[in-house]
Amino acid sequence: MSLFDLKLQEVHNRLHAKEISVSDLVNASYERIGQVDGKIQAFLKLDEENARATAKALDEQLAAGGTRGLLFGLPVGIKDNIVTEGVTTTCASQFLRNFNPVYDATAVRKLKEAQAVSIGKLNMDEFAMGGSNENSSFHPTYNPWNPEYVPGGSSGGSAAAVAAGEVYFSLGSDTGGSIRQPASYCGIVGLKPTYGLVSRFGLVAFASSLDQIGPLTKNVEDSAYLLQAIAGHDPADSTSANVEIPDYLSALTGDIKGLRVAIPKEYLGEGIDPKVRDAVQTALKVLEGLGAVVEEVSLPHSEYAVATYYLLASSEASSNLARFDGVRYGVRAENPKNLLDLYHTSRSEGFGPEVKRRIMLGTYALSSGYYDAYYLKAQKVRTLIKQDFDKVFENYDVVIGPTVPTTAFKVGSQVNDPMTMYLNDILTIPVNLAGVPAISIPCGLADGMPVGLQIIGKPLDESTVLRVAHAYEQNTEHHKLRPQL
Amino acid sequence: MSISIQDVEHVAKLARLELSEQEQHKLTEQLNAILKYAEKLNELDTDQVEPTSHPMPLSNVMREDVSRPSLPIEKVLLNAPDEEDGQIRVPAVLE
C-alpha cells in the first residue's frame, strides 16, 4: 500500500510517531513519478530541489516539536496556470515557456502556510482551453486507467497525477468543468468551489467571471482539508467572497437523513451514455437508502448552457489574453518590422490552434455590430440558467447527476471536431454559469473506465456538498479502486 | 448570420493575430459551425431578462488611496524580452 493511500490523519499520526518523515513522503512522490510519469506525462516541471529542502526543514520542525500546519508534509502538485514564485509557470503554452513568476498565487501561499510540499507543475490544456490535455503545447497527458484514453481537461495533469499516486493531492482550476471532468475521467474527487470562495490572485485568467481554483483528491475528506486551507477572502482579488469560512471537516457527519435531492430530467436524458446513467441511478438508490429524498426536477435552460458558455468564456478570454503581446513578458518574435508587427507575430507564434480559435470567437462576439446578438444575448441566457438553479434550490438541498455524459474518450478521437469536444461539458458548464459549488466523485466503472457522480450545491454551501459526497463514499467502495499502472 | 473569410481576416486584425491562408479557411469553417450552434439562443425570448455579468452580488470594492510598496524594478523586468536602463525596449512607435 502506498503512503498516499493513507488517510491524512493517519499520515500525520505516523509522522508524529516518527514512523515516517516528510522526506519519506517527498521521496515516495518522486519515486512514483520516476516509475510512471513516462507513461502518463502528468508533469511539466518538477521542483525537486526546493521540495527536498522544504521536506528537510519540515522534518527539523517535526523533531523540535510544536504546532504543524493543516497539510503538514503532504506532497501537492499544482496546475501550471497557477503562478509559483521562481518556478516556471507556462499555462502549457509556448508563449510562456520561460515565464518565471515573481510572486506566489494566493492559493499557493496558503498551501505553503499550511505546510504542504509542492512537488512540481502539472500539465493542462493550453491556457485551460480544452477537455483532453491534447491542447498542451508541450505534450499530452494520458489517462492512468488506460493510456490510450485522455485524462480529461483542462486540469488533466492534476487529475492524472493524483489517480496515479504521484502526489497526495493537487490544485486545478475550473472554468467550465476543468476540475470535475478530469476527476470523473480519472476516477478521483474534484471540487469546484463557489465562485469567489478561493482567491483567483495568481491564477492566469481565462474567463474571469467563471474561473475558480479547487482541489483534486483521492477522497472527500482530503477535499475538505485542501479546501479548508485555500478558501477565504483575499484583498488582492476584489471578487473573492468576504464570508466566514466554516469548518468543512465537521460537515462530514455521514448523516443525510431527510436531505432533499433533485435529479434534473435533462441530466439523465438524451446524449447520456446508458452505462453512465445506470451508475448514477444506482448511486441515487444508495442515497435513498441513507434516508435522502430523491425527486425529479427540471432545469429547463440546460440545453442552452454550452452555447452561452462558449460565447461568454471566449469573449472574456479574448480580452484577458490581450495582455500577451510580447512586450513585458512571454515570447517576443524575432526582428519585428514595427510595434504592430511585434504584437501580431509574437501572438501568432506563441498561441496554439484552440487558443486562437477562442480568441477569434470572442473577438467576433464582442465586435461592433455583433455584441448585442452574441455577447449580450448570452449574458441574458446566463440569467435564465442561474434562475433555474435558484428555483430548484428553494426546495432542494443538492442537485445530482452525472459529471460528464460519457467516460473518457480515446486520444485523438475528437481533436478535429471542436463542437463535439465542447458538448462533453454540457453537465459541468451550467454550474460555472450559475457560480454554485459542485463536486465529482467516483461512482463506478463502465467498460473499465471511471464514471463520475456530480453533486451540486447552493452558493457557499460546500459543507452540504461535501457531506453528501462523504456519506455516499462511506457506503461504497468505488473511491478505493486504483488504476493498474 | 454566417461569417466570411473577409470577416475572419478583419477579426484577426482586431485580435492582433496573423493567420495563414490555411488557418483562415479552417477558422471560417469552424467559427461558422460554432456560431450556427449559438443561434440556438435565439429560440429564447430575452427582451425582459437582465444580463448577468457576474454570478455573485458584488458592488465596487474600494480601498484607501494610499501609496504602498510595489514590486522592485528588477523583479518587474525579470521576464522582459528586451530591456535597457530599467525600461522595456520595443520597436520605435513613431518612425
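Residues numbered from 1 in each chain as written. Chains lettered and ligands numbered in written order. Predicted model: local features only at pLDDT ≥ 70, side-chain atom pairs only at ≥ 80, totals over all residues. Heavy atoms only, no water.

A. Structural detail: the overall build of chain B. Secondary structure summary: chain B contains three helices and two strands in total. Ordered by position from the N terminus, the helices and strands of chain B form the series α-α-α-β-β. Against the 2.2 N^0.38 benchmark of 12 Å for 95 residues, chain B shows a C-alpha radius of gyration of 23 Å, more extended than a compact globule. If you line up chain B on its principal axes, its C-alpha atoms span 55 × 45 × 25 Å. Among the 95 residues that make up chain B, the fraction classed as buried is 28%. (Helix = DSSP H or I, 4+ residues; strand = E, 2+ residues; numbered from the N terminus. Rg over C-alpha atoms; globule rule 2.2 N^0.38 Å. Buried < 20%, exposed > 50% of the residue type's maximum accessible area, 1.4 Å probe, protein only.)

B. Region of the structure containing the nonpolar core. All names here are of chain A. With 169 residues, the main nonpolar core has Leu71, Phe127 and Ile455 as its most contacted residues. Setting aside residues up to four positions removed in sequence, Phe127 forms contacts with Cys91, Ser93, Leu96, Val204, Phe206, Leu321, Phe324, Phe351 and Val355. With nine residues, the next largest nonpolar core counts Trp145, Tyr185, Phe409 and Met421 among its residues. (Core = buried A, V, L, I, M, F, W, Y, C linked by side-chain atoms within 4.5 Å. Contact = heavy atoms within 4.5 Å.)

C. Molecular detail of the sheet that holds strand E1 (residues 43-46) of chain A. All names here are of chain A. The 11 strands are arranged E1-E3-E2-E4-E6-E5-E10-E11-E9-E7-E8 in an open sheet whose pairing can be described as mixed. Looking at which strands have only one partner, the edges of the open sheet turn out to be E1 and strand E8 (293-297). Sheet twist, expressed as the average angle between the axes of neighbouring strands with direction ignored, equals 30°. Pairing between strand E2 (residues 75-79) and strand E4 (residues 169-173): three bridges, direction parallel. (Pairing = 2+ DSSP bridges. Axes fitted to C-alpha atoms, helices over the stretch in contact; angles between N-to-C directions.)

D. Representation of empty space enclosed by the protein within the structure. Under the criterion given, the structure shown has three cavities of 30 Å³ or more. Volume-wise, the largest cavity comes out at about 40 Å³. Every residue along the wall of the largest cavity is listed here: Val306, Ala307, Tyr310, Leu311, Leu361, Met419 and Tyr422 of chain A together with Ile34, Tyr37 and Ala38 of chain B. Among the elements of the structure, helix H9 (305-320) and helix H13 (418-423) of chain A together with helix H2 (21-38) of chain B are those that each provide at least two residues to the lining of the largest cavity. A class-by-class count of the residues in the lining of the largest cavity yields 10 nonpolar, no polar and no charged. (1 Å grid on protein atoms, 1.4 Å probe; cavity = no way out; pocket = protein on both sides within 12 Å on 5 of 7 lines; lining within 4 Å. Points joined across faces, edges and corners; volume = space filled by probe spheres on them. Nonpolar A, V, L, I, M, F, W, Y, C, P; charged D, E, K, R; others polar.)

E. Quick look at the interface of chain B and chain A. Every contact between the two is made by 50 residues of chain B and, on the other side, 65 residues of chain A. Here chain B packs against chain A, burying approximately 5300 Å² in sum over the two surfaces, 69% of which is carbon and sulfur. Between chain B and chain A we count four salt bridges in total. The salt bridge partner of Lys356 of chain A is Glu23 of chain B, with a shortest N-O separation of 2.9 Å. For the interface between chain B and chain A, the tally reads 16 residue pairs in polar contact (both at pLDDT 80 or more). Secondary structure elements with two or more residues in the side of chain B that touches chain A: helix H1 (5-14) and H2 of chain B. The element that contributes the greatest number of residues to the side of chain B that touches chain A is H2 of chain B, accounting for eight residues. (Buried area = accessible area lost by both parts, 1.4 Å probe. Salt bridge = Lys/Arg side-chain N within 4 Å of Asp/Glu carboxyl O. Polar contact = N/O pair within 3.5 Å; in protein donor to acceptor, adjacent residues only side chain to side chain.)

F. Molecular detail of H9 of chain A. Its 16 residues place the ends of H9 of chain A 22 Å apart at the C-alpha level, agreeing with the 22 Å of an ideal helix rising 1.5 Å per residue. With 15 of 16 residues buried, H9 of chain A lies mostly within the body of the structure. (Expected span 1.5 Å × (residues − 1).)

G. Region of interest: the environment of Leu78 of chain B. Looking at the element boundaries, Leu78 of chain B is found in the loop between helix H3 (73-76) and strand E1 (83-84). When neighbours within four sequence positions are excluded, Leu78 of chain B is seen to be in contact with Asn100 and Val102 of chain A.

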